[in-house]
Structures are given as structure tokens and as C-alpha cells.
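Topology and contacts: notes
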Amino acid sequence: MDFMGIERDRLHLSWISSAEATKFIDVVGEVTAAIKALGPNTNFVKNKAKAA
Amino acid sequence: MTDARHAVRKTGRHQAKANRQLLYKRVESMKVVKIDKKKWDQGLAALKGVYRIFSPVKMKDAFEFKALEENENPDLGGLNTRLSAKGLIYPQTEAMFTYTLDESREDHHIMSPVETDYSPRAVIGLRPCDADAFLLVQRNFDTPQYKDPYWIDAYEATTIVGLACENPCSTCFCTSAGSGPFNETGLDVLMVETKDGYILKSVTPKGESLIAASGWNDEISPEEAQKQIEPLKTAAEQKISSVVETDQLKNKDAMTIYNAPFWDDVAFACINCGTCTFVCPTCWCFDIQDETHKTEGVRMRNWDSCMFPLFTLHGSGHNPRGEKVQRVRQRFMHKLKYYVDKYNDGIQCVGCGRCVRACPVNIDIRKVCSLMNQPENATCAAQS
Amino acid sequence: MLGYIDKIREIGERLFTDGKVDVVIGFAKGSMPMMNEPMMARSSGDLQKMVWDGNCGINLANYLTNRKEKIGIVAKGCDSRNIVTHIIENKIKRDQLYIIGVPCKGMIDRRAISKAVPGEVTEVIETRDSIRVKGRDFDETFDRGDVLQKNCAVCLHRNPVIYDELVADPVVEQTGIDRYEDVRKIDSLSTEEKWRFFDDLLSPCVRCYACRNACPLCYCPTCFVDESKPQWVGKGIDDIDIKTFHFLRAYHCAGRCTDCGSCERSCPVGINMRVLTKKLEMDCKDLFDWEAGLTLDKRPPLDTYRPDDPNNFIK
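The present account deals with the structure reproduced in this document. Small disclaimer: the values here were computed from a predicted structure and weren't measured. (Residues numbered from 1 in each chain as written. Chains lettered and ligands numbered in written order. Predicted model: local features only at pLDDT ≥ 70, side-chain atom pairs only at ≥ 80, totals over all residues. Heavy atoms only, no water.)

Side note on the overall build of chain A
This is how the line gets drawn: Elements are defined by DSSP. Helices are runs of H or I of four residues or more, strands are runs of E of two residues or more, and each kind is numbered from the N terminus. With the radius of gyration taken over C-alpha atoms, the globule rule is written as 2.2 Å times the number of residues to the power 0.38. Burial classification: accessible surface area is computed with a 1.4 Å probe over protein chains only, and a residue below 20% of its type maximum counts as buried, one above 50% as exposed, and the rest as partly exposed.
Tallying secondary structure elements over chain A gives one helix and zero strands in all. Since a compact globule built from 52 residues should have a radius of gyration of about 10 Å, the 15 Å found for chain A marks it as more spread out than a globular shape. By principal-axis analysis of the C-alpha atoms, chain A measures approximately 55 × 20 × 20 Å. Buried residues in chain A amount to 19% of all 52 residues.

In C-alpha cells form, the structure reads like this:
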């Protein structure tokens, strides 16, 4: 995705056990912070189909 | 060329022309003007005040039709455009209606027509074959029974200035497909490049208005124009080296061609992409789709292709043309037999040669047409 | 390479006579310069129509999918690698095939030639090392090496990797080639530049799907772009839909693509979508030391699991 022009930080992958509540909170915090830092995504967004 | 082939060419063309001319109005008192290359820009600027101009423009590595910007000029030096002019009247994706699902709005779930700009447009520099193709396509969109408003409005808004084709490609076979490099049928103005400029000859009232709007007023007599055009026309026609044989298509029984042994060989190489249908100026099939984003939606129509399995897939899951060979046969049967039988006006092909050039695996309509024209002579010799 | 055809016909005839195959798949002379048409010979008589030259760029493995006959197939290096992939993915059985291997010196890039000359190409005369091109007002000769298809110019497997018989001695494989220069160039762009690069690259796409259909890997009974329940992708010419198609198709080819170049060759508007598949090919090489279609004995990386698979993307 990075290659096609979507910032790397928009996609996170993590392995969290149902018992790891604190890790879950940390990861969610990290993800939202990273995405807020990037701002709204403009690439790969379709609001209306382009038609002539 | 053998005499027999020459005869086919002549009769085929004559018959097709006679029929197609019924579809549009010509003027008897045609007006002809001469344009000096210096005055070309001036007239073009004047036209831009009245019309939106579409012309071939060199894009990356090919010529394509495009709306000209303020300071842009048509690029008339190329061979045939990669895609045909079909999309100018009948875009690949065209919005038909919009709708909203937002129930707080009074017009929710109601289709509203799309405002499309049908102000006067002019297409400058398309080839006569592409113009002729509009008349074939008109058969589908503008019938006594059904009128397709999108196509008709766009077509009526358009004035077509065709550039006589002095450098046909080796794949062009317009002269045996009812058209020709200087063919006027379908044009509003015929434009011929001469040594020192252009000759513009109006063929319809629309064309006369365009010439009037341009300010090009160096009028010459039709006889004088004819004298200059004729040798160029003959020279161009002589450059066309390929021919399709169509004389037997009408007489042959449809089922004889349908069941002929050559279809498996013709279809073998086909990868069932939509290239031939998308580059074709006379392929008219479309698919209607609704696309909704959040609460707002568009009903649009997109070019479709009989090469795609989805084209005929039923809701039940049954597909009457589920096999590749059936789809390949359908495309050629439609163009070269069903159309011929239904409209009695030659084949549904203008001989632009685009499908021949664009096919990734070199399936050649000229060869297929010959096979269909003489199905009894065809063994499994599709590739010979 | 030009002398191969006699040998191809000879092998084909022998196969028909011995009843080893029902059909032979190869190429017939095209009706235009620099184009040949894939064909299927059903008898030794049909073999006379076959040719072999620098215009046999279409990947013939594409014509094998789910066939039931016993087939003789003419295969270049890349075709043979896709045959391997086909066998691994159960699209054809090894014992159905008699592979006539063709050591390949690269196919001609018809677009590069058309672009390099001042008019329409009407005649092409190919010799061992040169390509002479004629048109109405020109007559030019190119070095074969200068007008190869882009994928052929960076090919590392010109000789078939699997075959029953070779039509000639193996050719020397190219060495010292940087396969991924173009990919790294894109990689070095900023996010916005990358987005614009693909905007520009894919803008002429008409969604004819020639790239998909020419690809031997794209044999899904229903492609994701053709699904309607649910409909994943819009059907129009919206650039987001066009990108979705090209990006996702490339992903589906990860670890399977042999860079045969059929997609780019087939494209009627000349899009080099190979930069997408090559990026994934490069990643497979870097992460799994994997090149597609070289052996029947190993499963491809994306359908196997190893405890030491790279996993540093998981946080």
C-alpha cells in the first residue's frame, strides 16, 4: 500500500490476546495517534462515481 | 485487386451509401471555402466562442479525442486515433440519473435527471469512417419506436467536421465497408488538406452554420473544389490496400454461417477481453449500474462487451453464451450477418481497422469476414 | 531462434504420429507485422501454419487452463514457468503435457518500434541480431537487443525450466541485470508522488481487462471485479475503481507472476502495469528468496507457513 501511495502508518497489524487488555489499549492509542498525525486520507477515497 | 473484388467494393459501397443517406439531411446548395493556413487559428478561435471543440490531440503515445482548452489546437497530423470518436457522443461512463436515500429530503428515492451540457459542440478532424459509424449507431439509439435522449441530444448538439483521410493505415478497409477516406455521409463539413491550407465543404445545414461562425469566407465554386479534391480522393482510395468480401453475407443462410466449422479455430486465440468492442466505433452495447455512496447515488450506463461472460449471465445463474466460442461468434455474427439481415444496409463495420490493430492476439475481422462470406469453402482454415 | 520452427514441426509431427498428443499449441503467422496468433494444431497438417520468431510474446500457458486433452505445447522460459505454476495449482496435469521447450532470446517490443519510426510499420524483416522495419517512407534497422520487450530485457530465465524436449541448445542466460530499477525508483518517491505516478500510469485504462485475460494466473471462474453480490468495485471509468482493479489484481499474482509480460503486451493502450506485479515479485524475492515457477517440488510462499517467515510488520 505504501508503494501505491497510501501512507504506511494508515495500516497497522497487531496480534493481541483477549487477555492482553493493556496491550490492546496501548495499540489503539498508537494507531489513533499515528492516523491523527497523518490527517484525513485523501487518496483512494471515492465519494461519488466519476461519470461523463 | 481482382476485378471481382473491385465489383464487390463498388456495389457494396453504393448500396450502403444510398441507405445511410436517408438517415440525415444534406444540403443541395453546398458552400465551399478555402482556408489559408494563416487564417486557420483565427477561425478556430472564432469557433471556440460558439462551440466546445473536440479534436484529436497527441496524448503520451497516441492520438485521442479531447475537449480543446482555450489555447490548444487540434493535432491533425496523426494516423487514426487509438479509440474511436464514439465516446464523444456516447461516453464510456455516462450519468443518467441521480438519487438520494436521505429520507429527510423530500425527493428521496426519486430518480432525477442529470443536467448535461448539450450546448453546441464541434468535432474537428475526425475521420469519415468514424462519422459514418455514428449513423450506424443511430440505428440503435434513434429508432421510430425508441428514442435514447442521451445519445440523441449529444448527437444533435454536435457538428462534425471530418478530415478527409489522405494517409490511410494498412489495416483500413473503409472502401469495402460502405465508407471511404473522403466519404461525406455522416459529416456536416468535409475538410480536405491541400498544399497551402484546407478546403471546407459544407454538407448539411449544421455545417453551413459552422462555416458561417468561423469567419472563413474565401469562397470557391463547388466545381473548382471538386477539381482539387477529386485527385486527392482517388490517390487516397488507391492507398487502401485491404478489402473485406461481404457480397455473399446477405444470401447465405444464417444457420449455415452459425454452424460453420471455423469458429473453434477463430476463437481459439481469443482471450475474451473487451478490446475489440471498446475500440470499435460501431459497438453500442451498454450496462446500467446504480452506485451509491453514503446516501447519494448515481444511475449510470457503461460500455459493455459481448466478449465478457457477464454480458449474458442470467439472474438464475444460467449463461446462454457461457463458452468463449459462442461469444466470439456472436460478435462477428452480429456485425456481419444479423445486422446485414435486419437493416439491409451492409455490415455493421466501417472499416477503421482499430480492432485489427488493437487485438492482443491478432484476431482479424477481415479474415473472419472472408470465412463468413464463403462458409462452404472454409475448412478449418481460420489461420491460413 | 528463427530456425526453431523446423524442429517444432518435426517434434509436433512425431507426437501426432506416435499418438502422444491430441493437439499442439503454438503460434500462427499474424496478419500484421509484429503480431502472431496463438493457434492449436489438431493434425500434422496444421503444423505447417506454425511459425516461430520474435513476435510470440503471448504466454501460451494461458491456453492450458482446465483442458482435458493430451497437449503438446511450445514453451519459452516464461511459458514454462507458468506451466509449472499451473501444475502446482492443479490447472493442468504434468502427464497431459508434452512440453516443447524453446530457448528464447527475447521478444520484440512492437510499441517501441512503432514509436521509433516516423510512420506506420508495414513490413518487418527479422534476422538473428537485427530487426529491419519498413514503412511507406522509411526503412530502418534496429539491433535486436535495443527493441526487446521490457520484461525480456531484464529476463533471467530465458531457457525453459521444465520440458520434454528442447528445440535447440540452451541460450546463455543474462547476468548482471538489475531487475528492479524501476520499482526502486517508484519506492523512493513520496506518498503524493506515488499516488500521482499511478494516476498518470493508469489514466488511459479502458477496463477491457486484456491484461487480466492474457495472464495465465488470472483463471478465477469469477474475477472479483465481475462479482455482483456483493459488488466490490464500481464498473465505470472512475480512477479509484481502475486503481482498485489493477492493485488487487497485482496482489493476486504475488509469488506467482513470472513477469512474462503478456499483460503489458496485450494492453490496447500500452499501460505498464508490470511495475505493480514486479514490486510484489521483488518483495517475494527479498522476504522469501522466492522466484515463481522454477520447480514443481516447492509450494509457493503465500500458500505455506514457516515459523521463520518474516513477521516484523505485526506489532
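This is not the end of the story, as more comes after the structure.
Some details on the overall build of chain C
Filter applied, for reference: We call two residues contacting when some pair of their heavy atoms lies within 4.5 Å. The protein chains shown are the only cover counted for residues, whose accessible areas, like all others here, come from Shrake-Rupley with a 1.4 Å probe. Residues scored as positive are Lys and Arg, those scored as negative are Asp and Glu, and His as well as the terminal groups of each chain are ignored. One atom stands in for each charge, and that atom is NZ of Lys, CZ of Arg, CG of Asp or CD of Glu.
Along the backbone of chain C there are 10 helices and eight strands. Here the C-alpha radius of gyration of chain C, 20 Å, is about what a compact globule of 315 residues would show, namely 20 Å. Expressed as lengths along the three principal axes of its C-alpha atoms, the size of chain C is roughly 60 × 50 × 45 Å. The buried share of chain C, reckoned over its 315 residues, is 58%. Contacts in chain C between residues far apart in sequence, at least 24 positions, make up 65% of those at least 6 positions apart. Total accessible area on chain C stands at roughly 13,400 Å², and carbon and sulfur atoms take up 51% of it. In chain C, 47 side chains carry a positive charge and 50 a negative one; their mean positions are 3 Å apart.

Observations regarding the packing of helix H8 (residues 239-252) of chain C against helix H10 (residues 274-288) of chain C
All names here are of chain C. Spelled out, the test is: Axis angles are defined between N-to-C directions and span 0 to 180 degrees, where every axis is a line fitted to C-alpha atoms and, for a helix, only to the segment in contact. Rotating anticlockwise by less than a right angle from the far helix to the near helix defines a left-handed crossing, while the corresponding clockwise rotation defines a right-handed one. When residue character is reported, Ala, Val, Leu, Ile, Met, Phe, Trp, Tyr, Cys and Pro are called nonpolar, Asp, Glu, Lys and Arg charged, and the others, Gly included, polar.
Orientation of H8 relative to H10, taken along the N-to-C sense of each, is 35°, at an axis distance of 9 Å. Regarding H8 and H10, the two cross each other, and that crossing is right-handed. Contacts between H8 and H10 involve His246, Phe247, Ala250 and Tyr251 from the former and Leu276, Thr277 and Leu280 from the latter. When grouped by side-chain class, the residues that make up the contact of H8 with H10 number five nonpolar, two polar and no charged.

Observations regarding the sheet that holds strand E7 (residues 139-143) of chain C
Within a sheet, adjacent strands bond to each other through the backbone by hydrogen bonds, running parallel or antiparallel. Residue and element names in this part refer to chain C. Defined as follows: Strands qualify as paired when DSSP identifies two bridges or more between them.
Taken together, three strands build an open sheet; the order of strands is E5-E6-E7 and the sheet is antiparallel. Bordering the open sheet on either side are strand E5 (121-126) and E7, each of which pairs with just one other strand. The average angle at which neighbouring strand axes cross in this sheet is 20°, direction not considered. Bridge count for E5 against strand E6 (residues 130-135) is five bridges, and the pairing is antiparallel. Paired with Val121 across the two strands is Gly135, which belongs to E6.

Some details on helix H4 (residues 128-141) of chain B
Stated precisely, the cut-off is as follows: Here, expected helix span is obtained from the residue count minus one, scaled by 1.5 Å.
In this model H4 of chain B runs 20 Å from its N-terminal to its C-terminal C-alpha over 14 residues, within 8% of the 20 Å that 1.5 Å per residue would give. Counting buried residues along H4 of chain B, 13 of its 14 residues qualify, which places the element largely inside the surrounding structure.

Considerations on the nonpolar core
Rules: Nine residue types can take part in a nonpolar core, namely buried Ala, Val, Leu, Ile, Met, Phe, Trp, Tyr and Cys, and a core is a set of them joined through side-chain atoms within 4.5 Å. Domain delimitation follows an automatic or database domain assignment.
Among the nonpolar cores identified, the biggest contains 162 residues, and Trp263, Phe332 and Met372 of chain B together with Trp52 of chain C are the most heavily contacted of them. Per-element accounting of this core gives the leading share, eight residues, to H4 of chain B. Among the domains, domain 1 (3-239) and domain 2 (254-377) of chain B are the pair contributing at least three residues each to this core. Not counting chain neighbours up to four residues away, the residues in contact with Phe332 of chain B comprise Trp263, Val266, Lys337, Ile363, Ile365, Val368 and Met372 of chain B. One finds Leu47, Tyr51, Leu68 and Leu200 of chain B within the second-largest nonpolar core, a separate group that totals 21 residues.

Some thoughts on the sheet that holds strand E2 (residues 36-41) of chain C
Residues and elements named next belong to chain C. Across the sheet, five strands lie side by side as E2-E1-E3-E4-E8; this open sheet has mixed pairing. The sheet is open, and its two borders are formed by E2 and strand E8 (165-166), each paired with just one other strand. Of the strand pairs in this sheet, strand E4 (residues 97-101) and E8 are connected by two bridges, and their pairing is parallel. Residue pairing across strands places Ile100 opposite Glu165, the latter belonging to E8. On the sheet, helix H1 (residues 4-17) packs against strand E1 (23-29), E2, strand E3 (71-75), E4 and E8 and is oriented at approximately 165° with respect to E4.

Focus: the interface of chain C and chain A
The accessible area lost on association of the parts is a frequent measure of interface size. Quick note on the threshold: What gets called buried area is simply the loss in accessible area from a 1.4 Å probe that two parts show on being joined, summed for both. For this document, the term salt bridge refers to a Lys or Arg side-chain nitrogen within 4 Å of an Asp or Glu carboxyl oxygen.
Between chain C and chain A, the contact holds 23 residues from the first and 20 residues from the second. Taking both partners together, chain C and chain A bury about 1,900 Å²; carbon and sulfur atoms supply 60% of that area. If you sort the residues of chain C by the area they bury against chain A, Thr191, Trp195 and Lys315 of chain C come out on top, with a joint share of 32%. Our count for the contact surface shared by chain C and chain A stands at two salt bridges. Two residues, Asp2 of chain A and Lys194 of chain C, come together in a salt bridge whose shortest N-O distance is 3.7 Å. Of all the elements in the fold, those that place two or more residues in the side of chain C that touches chain A are helix H5 (181-187), helix H6 (191-202), H8 and H10 of chain C. The dominant element in the side of chain C that touches chain A, judged by the number of residues it contributes, is H8 of chain C, at six residues. Taken together, the residues of the side of chain C that touches chain A sort by class into 12 nonpolar, three polar and eight charged.

Describing the interface of chain C and chain B
As a reminder of what qualifies: Any pair of N or O atoms that falls within 3.5 Å is considered a polar contact. Within protein, one atom must be able to donate a hydrogen and the other to accept it, and sequence-neighbouring residues count only if both atoms are side-chain atoms.
At the interface, 43 residues of chain C touch 45 residues of chain B. Considering only the side of chain C, the residues that lose the most area to chain B are Glu37, Glu120 and Arg136 of chain C, jointly responsible for 17% of the buried surface there. Counting the contacts that link chain C with chain B gives four salt bridges. Across the pair Lys367 of chain B and Glu37 of chain C runs a salt bridge, and its minimum N-O distance is 3.5 Å. Linking chain C with chain B are 16 residue pairs in polar contact (both at pLDDT 80 or more), by the criterion used here. Those elements giving two or more residues to the side of chain C that touches chain B turn out to be E1, E2, helix H3 (110-116), H6 and helix H7 (210-214) of chain C. For the side of chain C that touches chain B, the element with the most residues is E2 of chain C, which contributes five residues. When its residues are assigned to classes, the side of chain C that touches chain B shows 19 nonpolar, 11 polar and 13 charged.

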